[in-house]
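The chain contents come next:
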Amino acid sequence: MLTLADLVEGITGQEPTEGVVPNLELSEVIVDSREARPNSLFVALRGERQDGHDFVADAFARGAVAAIIEREVDAECQTVNTKGPLPETSIRPPICLMAEDSLKAFQRLAAFWRVRFSPRVIGVTGSVGKTTTKEMIWSVLRKRFHTLKSWGSYNNEIGLPLTLLYLDSSHERVVLEMGMYALGEIAELAAIAHPHVGVVTNVGPTHLERLGTIERITQAKSELVEALPPASEGGAAILNGDDPMVRAMAEKTEAEVFYYGLDPACDLWASHIESQGLEGVRFQLHHKGERLHVKIPLLGRHSVHTALAAAAVGLVEGESWEEIIAGLWDVTEQLRLVAVRGIKGSTILDDTYNASPASSIAALNLLEELSGRKIAVLGDMLELGDFEEEGHRKVGRRAVDVVSVLITVGPRGRIIGQEALACGMAEGDIFMVEDNQQATTHLRQIVGQGDIVLVKGSRGMKMEEIVAALTAPLNQSQGIS
């Protein structure tokens, strides 16, 4: 980890005089004061509901030795103005580094720390599947390289710098997820991370509400490949060749372009895809005349693209097929869509982390491949902008062909149900409810042995509440025995 002296230099751009700042190694970097422990750095950020500056004293009380701030705080500390000359006398913790913008100062620190080391950095972006793709790339790369990855979905202006501040000289590769809500955000993340490899999974209407058009979403995702170094300096753009908008990004980079997909024209492609339900997926990989038989533990045919992206990174980074195949199988991290044992002998497909029309249809495709009565619980899909109504209707049309029972949650979810009804699904098989509790109550009445229940909706719908209720023993919920 970085030291207090590194912290001061990284934010101020001035190297402290020897002995002025203690050579104290920081234990961790946090943005929540409740996570502070001895020798940690607390970054005080302004949020929509709370201001981190109100909790600097709490962070110090829990053991933090430094804080990055942008306004005066009610805490005992030595304040250092990051814009002025550094003090010549001793700086002793706890210290508060006063910046014009604490987030920008935090990002400047991460960029400073990133260039101190020389790992190859892999950036991952796309409308759907970023986190799962990042996890599988990490699983492949760690078979040969000591690899750092972003935690969970730490993919924004806060999460990416947090990850980079845990970089050390032992790391040979870094895998970073890069998300965005607006134009320019991925470019800013790339300016901090300096990626050598950029992976783009797809372009879809996620965040359409903020960006307005698919073309602007494509432009935003393209910022990753635009930031890559040229092929002569090791840059590589790994693009989903089955997505026309992603494929066209090849024109925006001087990096080596590597296509993956189901099209035999791709550099790496898959055929003979066979879903084995909850046991995973089998398929054949093709690359430069080689053909390999592969099985992965991910669920659904759409997972093949995830495996292809990870395998492509392995190939670009010089790994052997033995290492790549082992990494594809050994995905030890918890991935997004998982199957859990449900009440009354049912199986619950928990895909509650987020939802878009494309990922919802992919989840329905998986449901179709499984044996048993199929029930789908589908909630609102948020941030679709002008595509909101059509996106929900597309999911409703697909649900008609797959499910025996459809339960929708929320006002937008109701559009799914109405479209399913218009497409011929029996009225008695569609239940449109307002909240998770109503959905849970109805599910408890109808779920039985062998049923497969898909639960999916946008993060804001908190549909993990439904999964939790359906996996709990009946006698521990609502007094039912």
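This structure is a prediction, so every number in the text was calculated from the model and none was measured.

Two numbers describe a pair of packed helices, the interaxial angle and the distance between the axes. Two numbers describe how helix α3 (residues 102–114) lies on helix α6 (residues 185–193): the axes approach to 7 Å, and their chain directions differ by 45°. Taken together, the axes of α3 and α6 are oblique relative to one another. Residue-level inspection shows Lys104, Gln107, Ala110, Ala111 and Arg114 of α3 in contact with α6, the latter providing Glu188, Ile192 and Ala193. Class assignment for the residues of the contact of α3 with α6 results in four nonpolar, one polar and three charged.

Confidence in the prediction of the protein, expressed as mean pLDDT, is 91, and 96% of residues score 70 or more. With pLDDT under 50 throughout, residues 474–481 is counted as low confidence; its partners more than four residues away or in other chains account for 10 contacts.

For helix α4 (residues 130–141), with 12 residues, the first-to-last C-alpha span of 16 Å sits near the 16 Å given by 1.5 Å per residue. With 12 of 12 residues buried, α4 lies mostly within the body of the structure. On the buried face of α4, the contacting elements are β6 (120–125), β7 (147–149), β8 (173–177), β9 (197–200), α10 (303–316) and α11 (321–329).

In this section: the sheet that holds strand β15 (residues 338–341). As summarised here, the arrangement of the six strands in space is β15-β16-β20-β17-β18-β19, forming an open sheet in which the pairing is mixed. Looking along the sheet, the strands with just one partner apiece sit at the ends: β15 and β19 (430–433). Across the sheet, the mean angle separating the axes of adjacent strands is 20° when strand polarity is ignored. Relative to β19, strand β18 (residues 405–409) runs parallel, the two being bridged by four bridges. Counterpart to Val409 in the pairing with β19 is Val433. The sheet strands contacting helix α16 (residues 464–471) are β15, β16 (347–351), β17 (374–379), β18 and β20 (452–456), and the helix crosses β16 at an angle near 160°.

Here we take up the side chain of Glu323. Looking at the secondary structure, you find Glu323 in helix α11. A polar atom in the side chain of Glu323 sits 3.0 Å from the side chain of Arg144. With sequence-adjacent residues up to four places away left out, Glu323 is seen in contact with Val140, Lys143 and Arg144.

Glancing now at the pairing of strand β3 (residues 66–69). Side-chain alternation along β3 places Ala66 and Ile68 on one buried face and Ala67 and Ile69 on a second face that is also buried. Of the pairings in the sheet, the one linking strand β2 (residues 41–43) to β3 comprises three bridges and is parallel in character. Of the residues in β3, the one forming a bridge with Val43 is Ile68. For the handedness criterion, the β-α-β arrangement of β2, helix α2 (residues 56–61) and β3 is classed as right-handed. Examined bridge by bridge, β3 and strand β5 (residues 95–98) share four bridges and lie parallel to one another. Its bridge partner lying in β5, Ala67 is registered against Cys96.

Attention now moves to the pairing of β15. Of the pairings in the sheet, the one linking β15 to β16 comprises four bridges and is antiparallel in character. Along β16, the bridge assignment pairs Val338 with Asp350. Linking β15 back to β16 in an antiparallel pair, the connection comprises five residues, with Lys344 at a positive phi of about 55°.

Here we come to the side chain of Arg114. Considering the arrangement of structural elements, one finds Arg114 in helix α3. The contact partners of Arg114, leaving out residues within four places of it in the chain, are Pro119, Val121, Leu164, Leu167, Ile192, Ala193, His194 and His196.

This next bit is on unusual backbone geometry. Cis geometry marks the peptide bond from Pro93 to Pro94; its omega dihedral reads 0°. Position of Pro94 relative to the elements: it lies in the loop between β4 (78–81) and β5. One non-glycine residue with positive phi stands out, namely His194, at about 50°. By secondary structure assignment, the location of His194 is in the loop between α6 and β9. Of the residues examined, His194 reaches a relative accessible area of 37% and is grouped as partly exposed.

Here we take up the sheet that holds β8. Read from one edge to the other, the open sheet built from nine strands follows the order β7-β8-β6-β9-β10-β11-β12-β13-β14, with strand pairing classed as mixed. Both outer strands of the open sheet, β7 and β14 (290–296), are each paired with one neighbouring strand and no more. Neighbour-to-neighbour, the strand axes of the sheet open up by a mean angle of 20°, direction not taken into account. Here β9 pairs with strand β10 (residues 236–240) via four bridges, running parallel. Looking at β10, one finds that Val199 is bridged to Ile238. Where α11 meets the sheet, it contacts β12 (268–275), β13 (281–287) and β14, and its direction lies at approximately 25° from that of β14.

Looking now at the environment of Pro357. Along the chain, Pro357 turns up in helix α12 (residues 357–369). Judged by relative accessible area, which is 4%, Pro357 ranks as buried. Remark: the alpha-carbon pair of Pro357 and Pro205, spanning 152 residues in sequence, is separated by 8.0 Å. Not counting the four nearest positions on each side in its chain, Pro357 is found in contact with Pro205, Met381, Leu384, Phe387, Gly391 and Val395.

Here is what the cut-offs are and how they apply
Residues numbered from 1 in each chain as written. Predicted model: local features only at pLDDT ≥ 70, side-chain atom pairs only at ≥ 80, totals over all residues. Heavy atoms only, no water. Axes fitted to C-alpha atoms, helices over the stretch in contact; angles between N-to-C directions. Helix = DSSP H or I, 4+ residues; strand = E, 2+ residues; numbered from the N terminus. Parallel < 35°, antiparallel > 145°, perpendicular 65-115°, else oblique. Contact = heavy atoms within 4.5 Å. Nonpolar A, V, L, I, M, F, W, Y, C, P; charged D, E, K, R; others polar. pLDDT = per-residue confidence, 0-100. Expected span 1.5 Å × (residues − 1). Buried < 20%, exposed > 50% of the residue type's maximum accessible area, 1.4 Å probe, protein only. Pairing = 2+ DSSP bridges. Polar contact = N/O pair within 3.5 Å; in protein donor to acceptor, adjacent residues only side chain to side chain. Right-handed = clockwise from strand over helix to strand, strands pointing away.

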